[in-house]
Amino acid sequence: MSDPTDLEIPGHVTLAQGEGGLPKVVVETAWSNAEIYLHGAHVTGFQKKGEPPLLFMSAASEFAPGKPIRGGIPVIFPWFGAREGSPAHGSARITAWELKETALLPNGAVELRFSLPGAEGCHVEFLVTVAESLTLELAVENTGDRDSAFETCLHTYFQISGIDAVSITGLAGTRYQDKVAGTTETETAAAIRISGEVDRVYFDTTATTEIEDPGYGRKIRIAKSSSNSTVVWNPWIAKSKRMPDFGDDEYPQMVCVESGNVAQNQTTLPPGGHAVMKVEISSMRLLS
Ligand code: BG6
């Protein structure tokens, strides 16, 4: 295997030792900086200059082989949610990915290409582009000789000024599974506000969503393509206490707005088939 330090770009891409001794890639651009662990190809930080971090990271997160990182952007593949006898949310987030390529583009953006080793019957790559915005592309190719069905999700934890202050738009009129109530509903709110445990899978939606956060004076925009599900999650009080790798008092500082293809929106590829889910996360000042 080639030495990943060959992929360093002076002033822009550095390989470093992260928490728990796990290797991470540190990225610097004119607009922003970012950090990506090879463990899970997990983006643990993206921050625009002069703005609070965009991604929430739990202070209680583990950083260890075989354990998921809590916060940032877990890459969920090949299944979403719990599965008897297998790791929750699939194996991709607890596997060490390989950094294959780095590039400094003429416009100053930095591109990193990761590949998932050992994925049976498929080839999985994750392209991360760090610039004024953060762009993520999860590409899966079916290299087997039969149809392949799988779920994908970029389980993004956003850092917010306070859960009481924020609202989420873009999902009105969309059907969703309410995993807390165990029901299926249609979203009625033009701007969703969270005041208790929320665990919702919205189906058949490619809509751009926005998180408006007056406390930070910013709006976060999540634009996506080839993603038909959006998940909104906040564990609130009791569930936070049950999660060993999440602080009891951290739930007001985060909200997950996740882009994926899960459950009825899972992807099925014929042999040789190829699917690319793309998500662009950007932020802007809120006009006061
Ligand atoms: C969300 C799920 O996407 O992830 C929730 O909808 C789940 O049901 C949450 O609790 C966190 O999952 P995990 O495995 O990272 O604790």
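Residues numbered from 1 in each chain as written. Predicted model: local features only at pLDDT ≥ 70, side-chain atom pairs only at ≥ 80, totals over all residues. Heavy atoms only, no water.

1. Concerning the sheet that holds strand S23 (residues 274-285)
In step 1: Pairing in this open sheet of nine strands is antiparallel, and the strands run S6-S7-S8-S9-S23-S19-S18-S13-S16 from one edge to the other. Edge positions in the open sheet fall to strand S6 (98-104) and strand S16 (191-192), since each of these has one partner strand only.
In step 2: As judged from the five bridges shared by strand S18 (residues 209-213) and strand S19 (residues 218-225), these two strands associate in the antiparallel manner. Residue Ile-211 lies in a different strand from S19, and its bridge partner there is Ile-220. (Pairing = 2+ DSSP bridges. Helix = DSSP H or I, 4+ residues; strand = E, 2+ residues; numbered from the N terminus.)

2. Overview of the state of the cysteines
Defined simply, a disulfide is a covalent bond joining two cysteines at their sulfur atoms.
In step 1: Evaluated as defined, the whole model comprises zero disulfides.
In step 2: Not part of a disulfide, Cys-122 finds its nearest cysteine sulfur in Cys-153, a span of 17 Å.
In step 3: For Cys-122, a relative accessible area of 12% puts it in the buried group.
In step 4: Residue Cys-153 stays outside any disulfide, its sulfur separated by 8.9 Å from that of Cys-256, the closest cysteine. (Disulfide = S-S within 2.5 Å. Buried < 20%, exposed > 50% of the residue type's maximum accessible area, 1.4 Å probe, protein only.)

3. A few points about the site of the ligand
In step 1: Taken together, Arg-70, Phe-80, Ala-88, His-89, Arg-93, His-155, Lys-179, Asp-199, Val-231, Trp-233, Lys-239 and Glu-258 form the complete shell of residues around the ligand.
In step 2: Here Arg-70 contributes a side-chain N or O atom positioned 3.0 Å from an oxygen atom of the ligand.
In step 3: A distance of 3.3 Å separates an oxygen atom of the ligand from a polar atom in the side chain of Lys-179.
In step 4: Burial of the ligand by the protein amounts to 85% of the accessible area it has alone, namely 390 Å².
In step 5: Of the residues that constitute the shell around the ligand, the class distribution is four nonpolar, two polar and six charged. (Near = heavy atom within 4 Å. Polar contact = N/O pair within 3.5 Å; in protein donor to acceptor, adjacent residues only side chain to side chain. Areas by Shrake-Rupley, 256 points an atom, 1.4 Å probe, with all protein chains shown as cover. Nonpolar A, V, L, I, M, F, W, Y, C, P; charged D, E, K, R; others polar.)

4. Let's talk about the side chain of His-155
In step 1: Here His-155 shows up in the loop between strand S11 (152-154) and strand S12 (157-159).
In step 2: Judged by relative accessible area, His-155 falls into the buried class, the value being 5%.
In step 3: Here His-155 is in contact with Gly-72, Ile-73, Pro-74, Ile-76, His-89, Trp-233, Cys-256 and Glu-258, once residues within four sequence places are set aside. (Contact = heavy atoms within 4.5 Å.)

5. Structural notes on the pattern of salt bridges
In step 1: Within this structure, the stated rule accounts for 13 salt bridges.
In step 2: In this structure, Glu-125 engages Arg-113 in a salt bridge whose closest nitrogen and oxygen atoms are separated by 2.7 Å. With Glu-125 in strand S8 (residues 122-130) and Arg-113 in strand S7 (residues 110-115), this pair connects stretches of sequence that are 12 residues apart.
In step 3: Between Glu-210 and Lys-219 there is a salt bridge, with the nearest N and O atoms lying 3.5 Å from each other. Side by side, Glu-210 and Lys-219 carry an identical accessibility label, which is buried.
In step 4: Through salt bridges that share partners, Lys-48, Glu-51 and Arg-218 make up one connected network. (Salt bridge = Lys/Arg side-chain N within 4 Å of Asp/Glu carboxyl O.)

6. Some details on unusual backbone geometry
In step 1: With omega at 0°, the peptide bond leading from Phe-77 into Pro-78 counts as cis.
In step 2: Positive phi values are uncommon outside glycine, yet Ala-263 reaches one of about 50°.
In step 3: Looking at the secondary structure, you find Ala-263 in the loop between strand S21 (254-261) and strand S22 (267-269).

7. Let's talk about the sheet that holds strand S1 (residues 13-17)
In step 1: Pairing is antiparallel across the open sheet formed by four strands, whose spatial order is S1-S2-S3-S4. Edge positions in the open sheet fall to S1 and strand S4 (42-48), since each of these has one partner strand only. Across the sheet, the mean angle from the axis of one strand to that of its neighbour is 20°, orientation sign disregarded.
In step 2: With six bridges connecting them, strand S3 (residues 32-37) and S4 associate as antiparallel partners. Looking at the pairing, Asn-33 lines up with Gln-47 of S4. (Axes fitted to C-alpha atoms, helices over the stretch in contact; angles between N-to-C directions.)

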